[in-house]
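Residue strings, one per chain:
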Amino acid sequence: MTRKAFSSDRTPPPAGTYSVAIQAQGLIFLSGQTPRDVHNVRHGDKPFAEQARMALDNLQAAAEAAGSSLRDAVKVSVFLKNPADAKEFDAIYAGYVGDPPPARTLTQSNFAGFDIEVDAVLLARQA
Ligand SMILES: CC(=[NH2+])C(=O)[O-]
């Protein structure tokens, strides 16, 4: 089975040993995105809504680098520092995904020094 990795100058550079996106057969796996910009500047001090949009915009850019879109997501994982942000996140998130929305897991995490991290699995578009 072959794997195809994708990178993008519209996403932050990987912070470690991972691909921004990697395709395996008909699925594309997107690595976690945070509110870090393309110049590697961290925006964990910004209001939650701004961080959420930045993380989701990065995730969408990663999807597009792999020739797909969050509209084609089948599974999204969301890591929030503060569970109280879940409702605000959901309202923002609804503007990024398709209908029906993908399966989703939402968990609390305080690992990366951001209020949010998101990753996703997408359907690859046929060439
Ligand atoms: C930021 C991230 N996705 C990682 O694995 O470090």
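Note that the structure is predicted; figures quoted are calculated from it, not measured.

A. Looking closely at the overall build of the chain. Scanning the chain for helices and strands turns up two helices and six strands. The C-alpha atoms of the chain give 14 Å as radius of gyration, which agrees with the globular expectation for 127 residues (14 Å, within 12%). Evaluated residue by residue, the chain yields a buried proportion of 42% over its 127 residues. The contacts in the chain between residues at least 6 apart in sequence include a share of 72% that link residues at least 24 apart. When the accessible area of the chain is evaluated, it comes to approximately 6,900 Å², of which 51% is carbon and sulfur surface. Separation between the mean location of the 13 positive side-chain charges and that of the 14 negative ones in the chain comes to 4 Å.

B. Representation of the packing of helix 1 (residues 48–65) against helix 2 (residues 86–93) in the model. Across the interface, helix 1 lies against helix 2 with an axial gap of 10 Å and an inter-helix angle of 45°. It follows that helix 1 is oblique to helix 2 by the angle criterion. The two elements helix 1 and helix 2 cross, and the hand of that crossing is right-handed. In this structure, helix 1 contributes Phe48, Ala49, Ala52, Arg53 and Leu56 to the contact, and helix 2 contributes Glu88, Phe89, Ile92 and Tyr93.

C. Representation of the site of the ligand within the structure. The local shell around the ligand consists of Tyr18, Gly32 and Glu117. Glycine 32 has a polar backbone atom sitting 3.2 Å from a nitrogen atom of the ligand.

D. The sheet that holds strand 1 (residues 3–6), seen in detail. Taken together, the six strands give an open sheet; going across it, the order is 1-2-3-6-4-5, and neighbouring strands pair in mixed fashion. The sheet terminates laterally at strand 1 and strand 5 (103–108), the two strands that pair on one side only. With strand direction ignored, the average angle separating the axes of adjacent strands in the sheet is 15°. With seven bridges connecting them, strand 4 (residues 73–80) and strand 6 (residues 116–123) associate as antiparallel partners.

E. Spatial organisation of the pattern of salt bridges. This model, assessed by the stated rule, comprises four salt bridges. For arginine 10, the salt bridge identified is with glutamate 64, shortest N-O distance 3.1 Å. In this pair, arginine 10 is assigned in the loop between strand 1 and strand 2 (21–24) and glutamate 64 in helix 1, connecting sequence segments 54 residues apart. Accessibility expressed as a relative area gives 37% for glutamate 64, which makes it partly exposed. The salt bridge involving aspartate 90 is made with arginine 104; its shortest N-O contact spans 2.7 Å. Residue aspartate 90 is found in helix 2, and its partner arginine 104 is found in strand 5; the two are separated by 14 residues along the sequence. When its relative accessible area of 35% is taken as the criterion, aspartate 90 is described as partly exposed.

F. Representation of the environment of phenylalanine 114 in the model. Relative to the helices and strands, phenylalanine 114 is located in the loop between strand 5 and strand 6. For the pair phenylalanine 114 and lysine 81, spaced 33 residues apart in sequence, the C-alpha separation works out to 7.2 Å. Setting aside residues no more than four positions away along its own chain, phenylalanine 114 makes contact with Thr34, Pro35, Arg36, Arg42, His43, Gly44, Gln51 and Lys81.

Conventions and cut-offs
Residues numbered from 1 in each chain as written. Predicted model: local features only at pLDDT ≥ 70, side-chain atom pairs only at ≥ 80, totals over all residues. Heavy atoms only, no water. Helix = DSSP H or I, 4+ residues; strand = E, 2+ residues; numbered from the N terminus. Rg over C-alpha atoms; globule rule 2.2 N^0.38 Å. Buried < 20%, exposed > 50% of the residue type's maximum accessible area, 1.4 Å probe, protein only. Contact = heavy atoms within 4.5 Å. Areas by Shrake-Rupley, 256 points an atom, 1.4 Å probe, with all protein chains shown as cover. Lys, Arg positive; Asp, Glu negative; His and termini not counted. Charge placed at Lys NZ, Arg CZ, Asp CG, Glu CD. Axes fitted to C-alpha atoms, helices over the stretch in contact; angles between N-to-C directions. Parallel < 35°, antiparallel > 145°, perpendicular 65-115°, else oblique. Left-handed = near helix turned anticlockwise from the far one by under 90°. Near = heavy atom within 4 Å. Polar contact = N/O pair within 3.5 Å; in protein donor to acceptor, adjacent residues only side chain to side chain. Pairing = 2+ DSSP bridges. Salt bridge = Lys/Arg side-chain N within 4 Å of Asp/Glu carboxyl O.

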